[in-house]
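Residue strings, one per chain:
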Amino acid sequence: MSKENINIVQQFASDNYSGICPEALSAMQDANFGHASSYGDDAWTGRAANAFRQLFETDCEVFFVFNGTAANSLALASLCQSYHGVICADSAHVETDECGAPEFFSNGSKLLVAHTTDGKLTPDSIHELATKRQDIHYPKPRVVTMTQPTETGRVYTTEEVQAISAACKAHGLSLHMDGARFANACAKLEQSPAELTWKSGVDVLCFGGTKNGMAVGEAVIFFDRKLAADFDYRCKQAGQLASKMRFLTAPWVGLLESGAWLSNAAHANRCAAYFAEQIATIPGVTIVSSVDANAVFVHASEGILEPLQKRGWKFYTFIGGAARFMFSWDADLARIDELVRDLQECALSAKDVLV
């Protein structure tokens, strides 16, 4: 298929739309030379795992899987028995977008959902669910899973992570972090990955690569090696053990050793902040959530959003009805300016904002 037949116009509906960043692609190309042992017994996989240990300043256990659903579900399953409960926010990806995979891979662990106003869990919400019922007829709470940043684009501060960890310890719960966009949180807070995870009490992190510039791939990082017992068997059973593992891990080498994992996220965050600043005064358009990372949630009438879609712009409205715009490692400011102009024109021509 020729390039002419492919829609290459940049969109901001999802950071999954972007291609592979140069650092990840170059590393994959470098790995595509000669033969290497399969199933992770290769130099690239060892190098990637060691790069994570250096990044997190600890001797963590690292596993590589294809996607975020598998990463979250298998990590939670390793922390639970089938009769346990997993506390999560009502907007968490494990609750809304993983098709029951966490329950499936844990053989039935129940998600215990906390209602939130901004997608963030709090110590109080954890306490409420952890103590709601303690009889044998109800799933026993065992794990808390937090999303960093949240599905609503909010970033937990280090202090908030520590407070959640303290609540977990008070109730004997493990703490899992869904970090599909973890790099964006690090860029926002300008703090080290270690400070935002194990130094603040996180037991297991799923570090997202796909949204950070890779074609495919997430890392499951156990800061307590005891919790990783037999996790390699879980990966194999779930179809997540890559035979040509070097092509799943080499891009991580490119991202981590070059520092692109952080610069990619910082660029995406800056573009989100830029977009939010540019649309702040458009009539009939309201930013409904703090712009902490690379997401901007916009509330506008159908009289504004429908014409915007007709102009070719793609976006999703699946969280609270607000239109979500996501910015990736390759977001182009000139293209963002085009979106701003079209949004402004649609707003000015909408009946409900005419004077």
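Source: prediction; values computed, not measured.

Caption draft 1: Quick peek at the packing of helix H13 (residues 302-310) against helix H14 (residues 333-349). One can describe the packing of H13 onto H14 by two numbers: an axis separation of 8 Å at closest approach and a directional angle of 135°. Relative to H14, the element H13 is oriented oblique. In the crossing of H13 with H14, the sense of the turn from one axis to the other is right-handed. Where H13 abuts H14, its residues Gly303, Ile304, Pro307 and Leu308 lie against Leu339, Asp342, Leu343, Cys346 and Ala347. Among the residues forming the contact of H13 with H14, the class breakdown is seven nonpolar, one polar and one charged.

Caption draft 2: Just the pairing of strand E7 (residues 218-222), in detail. Across the five residues of E7, five count as buried, placing the element largely inside the fold. Side-chain alternation along E7 places Glu218, Val220 and Phe222 on one buried face and Ala219 and Ile221 on a second face that is also buried. Direction of pairing for strand E1 (residues 61-65) relative to E7: antiparallel, over a ladder of five bridges. Paired with valine 62 across the strands is isoleucine 221, a residue of E7. Relative to E7, strand E6 (residues 204-208) runs antiparallel, the two being bridged by five bridges. What sits directly across from cysteine 206, in E7, is valine 220.

Caption draft 3: Highlighting helix H7 (residues 158-170). Compared with the 18 Å implied by 1.5 Å per residue over 13 residues, the 18 Å span of H7 between its first and last C-alpha is a close match. Listing the buried residues of H7 in full gives Thr158, Val161, Ile164, Ser165, Ala167 and Cys168. Count one or two residues on from H7 and you reach glycine 172, which has phi positive near 70°.

About the thresholds
- Residues numbered from 1 in each chain as written.
- Predicted model: local features only at pLDDT ≥ 70, side-chain atom pairs only at ≥ 80, totals over all residues.
- Heavy atoms only, no water.
- Axes fitted to C-alpha atoms, helices over the stretch in contact; angles between N-to-C directions.
- Helix = DSSP H or I, 4+ residues; strand = E, 2+ residues; numbered from the N terminus.
- Parallel < 35°, antiparallel > 145°, perpendicular 65-115°, else oblique.
- Left-handed = near helix turned anticlockwise from the far one by under 90°.
- Contact = heavy atoms within 4.5 Å.
- Nonpolar A, V, L, I, M, F, W, Y, C, P; charged D, E, K, R; others polar.
- Buried < 20%, exposed > 50% of the residue type's maximum accessible area, 1.4 Å probe, protein only.
- Pairing = 2+ DSSP bridges.
- Expected span 1.5 Å × (residues − 1).

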